[in-house]
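# An overview of the molecular structure
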Amino acid sequence: MSTEGLTTSAYIKHHLQNLTCSIQDGQFHCAHTPEEAKAMGFWAVNIDTLLVSLVLGVVFLYIFSRVAKSISAGAPTGMQNFVEWIVEFIDNSVRGSFTGRSALVAPLALTIFAWIFLMNLMDLVPIDYIAMITQPMGIGHFKLVPTTDPNATIGMAIGVFLLVLFYSIKVKGLGGFVGELTLQPFGKFGLPVNLFLEGVNLIAKPVSLALRLFGNMYAGEMIFILIALMGASWVGFTFSSTMLFGSQIILSLGWAIFHILIVTLQAFIFMTLTIVYLDMAHQEHH
Amino acid sequence: MNINATLIGQTIMFALFVWFCMKFVWPPIMAALDARNKRIADGLAAAERGKNELALAAKHSTELLREAKEKVSEVIAQGDKRASEIVEEAKVQARIESERIVTAAKAEVEQEVFRAKEHLRTQVTAVAMAGAAKILDREIDAKAHNDLLDKLVAEI
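First, a word on what this report is: a plain description of the structure on this page. Keep in mind that what you see is a predicted model, and the values were worked out from it rather than measured.

A count of helical and extended segments in chain A gives nine helices and three strands. Secondary structure elements of chain A, listed N to C terminal, follow the sequence α-β-β-α-β-α-α-α-α-α-α-α. The dimensions of chain A, computed from C-alpha atoms along their principal axes, are 70 × 55 × 45 Å. Across chain A, contacts joining residues at least 24 apart in sequence account for 68% of those joining residues at least 6 apart.

Laid out in structure tokens, this is it:
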């Protein structure tokens, strides 16, 4: 494996680095070290994050749109059953949390849930396997889980935040929205305090969305890496090596099973919070 | 772990996926689910209606049956009555016929008796004449005593 001759910290760092690329001096260039990636500044992209999330999004939409095209009101079979099960689940969640009427919220929730679920699910792919494919292709770094990249989670949170702003202004009018930000909870004389409190309240929404998902998935990935390290210190059929290897198998199995729960739960939480935030944006509260 | 333009790409991708889902995925699936819900509701309503109709039909049929039975017993009663009437009529007619036959027979008998009497009378005349001739031992002039003889005959 590629970890031979690497120190433990180098192994961890290696696994936590994205495939960050940018165009420097007219040439397409990918960073080899974290320092190099940092030096690229804002105008660089993580190819792995974008590619994996694009592929997963297309997979999701391909499956669902294929079913949607051939769907019938008769007795459902096979894939249609599965898709209908998810759609009904999302629909019930939306009906439970969203009081207004909107053609956007339910499909938005479905997209968020399915997409994030698939991205999180990539966490269950053994972490060194992907390196076995990408390394011979000359790609040094490839993080398979887009949601362990804060860019991905913040990107989606920004999308939700823009929708919250859009609907707040659409439903309450610009004046109403600004009034909500400035005139409560302390009336017009406490305007700076109001603005500060409501501003924090508003900003907290996308930040909590992005960081909760990122934190959970990043921590999960970190533990997978640490578990994988146990077997990496293989030196032969000694007692300690065998024990470590055995514990790696058991621990990674246990953590993977537990992670199935986290994968689903985080996708569900992101979706539910999005619905709740949009519901709040639709409601006038005085 | 740097913040870079990836997040812009991710936001754009997110928006596109949501748009696609909203346009091509969600509406047909929801329409199909709604259509199926409606179909199931319709089916249940139709079943309920059918059940009601069945109960109604059962009630109607027992009523019809009861009516039919009533009618049948009525018809039977009528038939019985008519039959006894016919029998009565036949009896009356038979009596009339028998009376007629008896009367005719009586008349014939009487006529026969009368004819026999007539015959007998003429015979008696002849016998009487023969007897008288013998007694008188001479020929009675039939012509001369015709009146006498006729009187005799009428007397017998």
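As a further point, take the overall build of chain B. Counting its secondary structure elements, chain B contains two helices and zero strands. The C-alpha atoms of chain B give 60 Å as radius of gyration, which overshoots the globular expectation for 156 residues (15 Å, by more than 25%). Taken along its principal axes, the extent of the C-alpha atoms in chain B is 195 × 25 × 20 Å. Counting all 156 residues of chain B, 10% fall into the buried class.

Let us look at the interface of chain A and chain B. Across the boundary between the two partners, chain A contributes 42 residues, which contact 28 residues of chain B. Broken down by secondary-structure element, the contributors of at least two residues to the side of chain A that touches chain B are helix 2 (34–39), strand 3 (45–46), helix 3 (47–70), helix 4 (78–97), helix 5 (105–121) and helix 7 (150–182) of chain A. Among the residues forming the side of chain A that touches chain B, the class breakdown is 27 nonpolar, eleven polar and four charged.

Turning our attention to the packing of helix 8 (residues 191–232) of chain A against helix 9 (residues 239–282) of chain A. Residues and elements named next belong to chain A. The contact between helix 8 and helix 9 brings their axes to 9 Å, and the two run at 170 degrees. What the angle tells us is that helix 8 and helix 9 run roughly antiparallel. Looking at the contact of helix 8 with helix 9, its residues break down into 17 nonpolar, eight polar and two charged.

This paragraph deals with the sheet that holds strand 3 of chain A. Residues and elements named next belong to chain A. Read from one edge to the other, the open sheet built from three strands follows the order 2-1-3, with strand pairing classed as antiparallel. At either margin of the open sheet sits one strand with a lone partner, and together these are strand 2 (27–30) and strand 3. One ladder, built from two bridges, connects strand 1 (residues 20–24) with strand 3; its direction is antiparallel. Residue pairing in the sheet places C21 in a bridge with V45 of strand 3.

Two quantities define a packed helix pair, namely the angle between the axes and the distance from one axis to the other. Residue and element names in this part refer to chain A. At a closest axis distance of 8 Å, the pairing of helix 7 and helix 8 adopts a crossing angle of 155 degrees. Between helix 7 and helix 8, the interaxial angle falls into the category roughly antiparallel. Considering how the two elements wind past one another, helix 7 and helix 8 form a crossing that is right-handed. Where helix 7 abuts helix 8, its residues P150, T153, I154, A157, I158, V160, F161, V164, E180, L181 and T182 lie against L191, N194, L195, E198, G199, K205, P206, L209, A210, L213 and F214. Here the contact of helix 7 with helix 8 is composed, by residue class, of 15 nonpolar, four polar and three charged.

A few words on the pairing of strand 2 of chain A. Residue and element names in this part refer to chain A. In the sheet, strand 1 pairs with strand 2 via four bridges, with the strands oriented antiparallel. Its bridge partner being in strand 2, I23 is matched across the sheet by F28. Counted between consecutive antiparallel strands, the loop separating strand 1 from strand 2 contains two residues, among which D25 sits at a positive phi close to 50 degrees.

Before going further, it helps to spend a moment on helix 3 of chain A. Over its 24 residues, helix 3 of chain A runs 34 Å from end to end, which matches the ideal 34 Å to within 8%, given 1.5 Å per residue. For helix 3 of chain A, the full list of buried residues reads D48, T49, L50, V52, S53, L56, G57, F60, L61, F64, V67 and A68 of chain A. Those residues of helix 3 of chain A that are buried lie in contact with strand 3, helix 4, helix 5 and helix 7 of chain A together with helix 1 (6–136) of chain B.

Bringing the nonpolar core into the picture now. Counting 61 residues, the largest nonpolar core has A109, L110, I112, F113, W115 and I116 of chain A together with I29 of chain B as its most contacted members. Elements with a contribution of two residues or more to this core: helix 3, helix 4, helix 5, helix 7, helix 8 and helix 9 of chain A together with helix 1 of chain B. Beyond its immediate sequence surroundings of up to four residues, I116 of chain A is in contact with T147, L213, Q266, A267 and F270 of chain A. In terms of nonpolar packing, the next biggest core, distinct from the first, is built from six residues, A31, M40, A44 and L50 of chain A among them.

Calculation criteria
Residues numbered from 1 in each chain as written. Chains lettered and ligands numbered in written order. Predicted model: local features only at pLDDT ≥ 70, side-chain atom pairs only at ≥ 80, totals over all residues. Helix = DSSP H or I, 4+ residues; strand = E, 2+ residues; numbered from the N terminus. Contact = placed C-beta atoms within 7 Å. Rg over C-alpha atoms; globule rule 2.2 N^0.38 Å. Buried ≥ 20, exposed ≤ 12 C-beta atoms within 10 Å, placed from the backbone. Nonpolar A, V, L, I, M, F, W, Y, C, P; charged D, E, K, R; others polar. Axes fitted to C-alpha atoms, helices over the stretch in contact; angles between N-to-C directions. Parallel < 35°, antiparallel > 145°, perpendicular 65-115°, else oblique. Pairing = 2+ DSSP bridges. Left-handed = near helix turned anticlockwise from the far one by under 90°. Expected span 1.5 Å × (residues − 1). Core = buried A, V, L, I, M, F, W, Y, C linked by C-beta atoms within 7 Å.

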